[in-house]
Amino acid sequence: MRMTDSRLLAALSGRPYYRVGYTWRDGRVDPGSGVASLVRSFAEPERFGEAVRKNLAPRLRQSYPEAVLSTYTGVWQLVPGRVERLKGYALFCDRPDGSKRCLGRHAVAVTTDLEGYPVGEPKVIRDVRIGNGSLRLPPV
């Protein structure tokens, strides 16, 4: 079933909601294939990303004192089996390099609550960007 009615979508866009998708196999829904995701309005991910950067920076600077976090928020996914935890990456540079912004040479894999506060220990993954282009990030 797809929700395509514009009135329904407008009603849902007023606040975050959960969406679940299933795979069809041989004309039937595969009940074990369900994948849940959190859908947010445009402004919500911006606030979430700002909170992640604000709360992750002090932890990151314990090991990388001059680290600069990228403003790119990235793709975040619900932790399987949970609806109150998200996992994803925050990109960072070791230090300011004189450019206007950090694209992110390295990444921090982190799990957060829905507000962007890290829970558990973040894991640094070095050298994830090829030059100034593509990212090579392992699955979250």
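Remember, predicted model here, so these are calculated numbers, not experimental data.

## Quick word on the environment of I130
Next, step 1: Within the secondary structure layout, I130 lies in the segment after β9 (118-125).
Next, step 2: Considered as a pair, I130 and R105 are 25 residues apart in the sequence and their alpha carbons are 8.2 Å apart.

## Considering the nonpolar core
Next, step 1: Counting residues in each nonpolar core, the largest one holds 15 residues, and the members touching the most others are V52, L56, L60, L69, W76 and F92.
Next, step 2: Counting residues per element, this core draws most heavily on helix α2 (residues 43-63), at five residues.
Next, step 3: Residues in contact with W76, not counting those within four places in the same chain, are F48, V52, L86, K87, G88, Y89, V110 and T112.
Next, step 4: Among the nonpolar cores identified, the runner-up in size contains six residues, and A107, A109, I125 and V128 belong to it.

## Details of a nonpolar patch on the surface
Next, step 1: The grouping of V20, Y22, W24 and V29 at the surface amounts to a nonpolar patch, some 430 Å² of accessible area in total.
Next, step 2: Summarising the element assignment, V20 is placed in strand β1 (residues 17-21).
Next, step 3: Judged by its relative accessible area of 46%, V20 is partly exposed.

Reading the values: the criteria
- Residues numbered from 1 in each chain as written.
- Predicted model: local features only at pLDDT ≥ 70, side-chain atom pairs only at ≥ 80, totals over all residues.
- Heavy atoms only, no water.
- Helix = DSSP H or I, 4+ residues; strand = E, 2+ residues; numbered from the N terminus.
- Core = buried A, V, L, I, M, F, W, Y, C linked by side-chain atoms within 4.5 Å.
- Buried < 20%, exposed > 50% of the residue type's maximum accessible area, 1.4 Å probe, protein only.
- Contact = heavy atoms within 4.5 Å.
- Patch = residues over 30% accessible without salt bridge, like charges linked within 9 Å, V, L, I, M, F, W, Y side chains within 5 Å.
- Areas by Shrake-Rupley, 256 points an atom, 1.4 Å probe, with all protein chains shown as cover.
- Salt bridge = Lys/Arg side-chain N within 4 Å of Asp/Glu carboxyl O.

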